[in-house]
Amino acid sequence: MSKLVTIYGGSGFVGRYIVRRMAKAGWRVRVAVRHPNDALFVRPYGAVGQVEPVLCNIRDDASVRSVMQGADAVVNCVGILNETGKNSFDAVQSEGAERVARIAAEEGVGRMVQLSAIGADPDSESDYARTKALGEEAVLRRFPSAVILRPSVIFGSEDGFFNRFAGMSRFGPVLPVVGADTRFQPVYVDDVAAAAERALLGDVAPGVYELGGPDVRSFRELMEDMLTVIHRRRLILNLPFFAANIMGGVFDVLQTISLGLFTNTLVTRDQVRNLRVDNVVSEGARGLADLGVKPTAMGAVLPDYLWRFRPSGQFDAIKDSAKNLRKHS
């Protein structure tokens, strides 16, 4: 019988790519998510019955254990960028990661991959970065042979980074950013999935790997690259950290007093703290090369999905060509 992997958060941005790769490798895949009906799109990634979404709450021992029964390997992709309700950073990224690792060890699971983030630091002022680090420590304590993957900002057709700012660029001549000089090393989502696949197949040594692509850019430079791809000219306005912190505080308070009617997807105070720190692979850290994965450049991928934000979408190039014809007629 083919092997079974349980992927917590398997319908998310990164998780779905790992699901697709493991199904292609012949594994049965159990996709553990809070809302299985919203994850039915993963079923066609494999043969009939090979990929199955199942209900799971990572904050509950019994729920985590039930979807791990019989698994040969587990992947934890669950993470949040903003706290809502009971889903706090500590509950999800620290306690949740520890729960998956502890139960995996108790159930005799062979391999575990934990998706973390570059910048994970137990002493960070950012709760996101702090709990990512605490989650890593708990995983390695409970499951010492685990592989920890720390990607920089991840790009791909479903990303929430380039898609978000490209969408914002359509509504005015100014594109505001926070931390314009902060450096990033964007990594392609399928490269992260390939790294997870190598770890699940047992082809790499356990421990921490920092994943970054071939391009290191400041936030401002990333926005300039994106604007070039979507054929738009915008003034990139760097918001000072103190102003962004005030804005984030106002949006955080609105989320709290609205009792869930408003979710802060704009900017939080914690995100502002995170944007003060460069998000690049550390010197001497193990990375994609050590995992046998060749990093993909942004320029090879961004045009494939950002074209829809061009002034005329897929017809932008045709219209430019038509202008040239008129000039020579």
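Just above, that's the structure.
Here the structure is a predicted model, which is why all the values come from computation and not from measurement.

(A) Examining the overall build of the chain more closely. Summing up its helical and strand segments, the chain has 11 helices and 13 strands in all. Here the C-alpha radius of gyration of the chain, 21 Å, is about what a compact globule of 329 residues would show, namely 20 Å. Oriented by its inertia axes, the alpha-carbon framework of the chain measures out at about 70 × 45 × 45 Å. Across the 329 residues of the chain, 50% fall into the buried class. Counting only contacts in the chain whose residues sit at least 6 apart along the sequence, the fraction spanning at least 24 positions is 76%. As displayed, the chain offers around 15600 Å² of accessible surface, 53% of which is attributable to carbon and sulfur atoms.

(B) Representation of the side chain of Asn-87. Mapped onto the elements of the fold, Asn-87 is located in the loop between strand S4 (73-76) and helix H3 (89-106). Residue classification places Asn-87 among the buried positions, given a relative accessible area of 13%. In contact with Asn-87, not counting residues within four places along its chain, are Arg-34, Arg-59, Ile-80, Asn-82 and Val-92.

(C) Molecular detail of the packing of H3 against helix H4 (residues 127-142). Axis separation between H3 and H4 bottoms out at 8 Å; the angle between their running directions is 10°. Considering their axes alone, H3 and H4 lie roughly parallel with respect to each other. For the pair H3 and H4, the contacting residues are Phe-89, Asp-90, Gln-93, Ser-94, Ala-97, Glu-98, Ala-101, Arg-102 and Ala-105 in the first and Asp-127, Tyr-128, Arg-130, Thr-131, Lys-132, Leu-134, Gly-135, Ala-138, Val-139, Arg-141 and Arg-142 in the second. Among the residues forming the contact of H3 with H4, the class breakdown is eight nonpolar, four polar and eight charged.

(D) Geometry of unusual backbone geometry. For His-231, which is not glycine, the phi dihedral falls at a positive 60°. Its location among the elements puts His-231 in the loop between helix H7 (219-229) and strand S13 (235-239). The partly exposed category is assigned to His-231, whose relative accessible area is 37%.

(E) Examining the packing of aromatic side chains more closely. Per the counting criterion, the structure on display carries 10 aromatic pairs. With a centroid separation of 6.3 Å and an interplanar angle of 90°, the aromatic rings of Phe-13 and Tyr-17 are classed as edge-to-face. One aromatic cluster in this structure is built from Phe-161, Phe-162, Phe-165, Phe-184 and Phe-219. Above the ring of Phe-165, the side-chain terminus of Arg-164 is found at 5.5 Å from the ring centroid.

(F) The arrangement of the state of the cysteines in detail. Scanning the model with the defined rule gives zero disulfides in all. Looking at the unpaired Cys-56, the closest cysteine sulfur is the one in Cys-77, lying at 13 Å. For Cys-56, a relative accessible area of 4% translates into the label buried.

(G) Seen up close, the sheet that holds strand S5 (residues 111-115). Reading across the sheet, the seven strands line up as S3-S2-S1-S4-S5-S6-S11 and stay open at both edges, with parallel pairing between neighbours. Sheet topology places strand S3 (51-55) and strand S11 (207-211) at the edges, where each strand pairs with a single neighbour. If you compare each strand with its neighbour and ignore which way they point, the axes differ by 20° on average. Direction of pairing for S5 relative to strand S6 (residues 147-151): parallel, over a ladder of three bridges. The residue bridging Gln-114 from the neighbouring strand is Ile-148, located in S6. Sheet strands in contact with helix H6 (residues 189-200) are strand S1 (4-8), S4, S5, S6 and S11, and its direction is about 155° off that of S5.

(H) Representation of the nonpolar core. Counting 70 residues, the largest nonpolar core has Ile-18, Leu-149, Phe-162, Met-223, Met-226 and Leu-306 as the members making the most contacts within it. Contacts of Leu-306, omitting those with residues within four sequence positions, involve Phe-162, Asn-163, Ala-166, Met-226, Val-229 and Ile-230. Val-74, Val-78, Met-112 and Ile-148 belong to the second largest nonpolar core, which has 28 residues in total.

(I) Quick peek at the environment of Ala-104. Within the fold, Ala-104 resides in helix H3. The exposure class assigned to Ala-104 is buried, which follows from its relative accessible area of 0%. In this structure the C-alpha to C-alpha distance between Ala-104 and Met-68, which are 36 residues apart in sequence, comes to 7.4 Å. For Ala-104, the contacting residues outside a window of four places in its chain are Met-68, Val-74, Val-109 and Phe-143.

Each value, and the rule that gives it
Residues numbered from 1 in each chain as written. Predicted model: local features only at pLDDT ≥ 70, side-chain atom pairs only at ≥ 80, totals over all residues. Heavy atoms only, no water. Helix = DSSP H or I, 4+ residues; strand = E, 2+ residues; numbered from the N terminus. Rg over C-alpha atoms; globule rule 2.2 N^0.38 Å. Buried < 20%, exposed > 50% of the residue type's maximum accessible area, 1.4 Å probe, protein only. Contact = heavy atoms within 4.5 Å. Areas by Shrake-Rupley, 256 points an atom, 1.4 Å probe, with all protein chains shown as cover. Axes fitted to C-alpha atoms, helices over the stretch in contact; angles between N-to-C directions. Parallel < 35°, antiparallel > 145°, perpendicular 65-115°, else oblique. Nonpolar A, V, L, I, M, F, W, Y, C, P; charged D, E, K, R; others polar. Phe/Tyr/Trp six-rings, centres within 6.5 Å; stacked < 30°, edge-to-face > 60°. Lys NZ or Arg CZ within 6 Å of the ring centre and 35° of its normal. Disulfide = S-S within 2.5 Å. Pairing = 2+ DSSP bridges. Core = buried A, V, L, I, M, F, W, Y, C linked by side-chain atoms within 4.5 Å.

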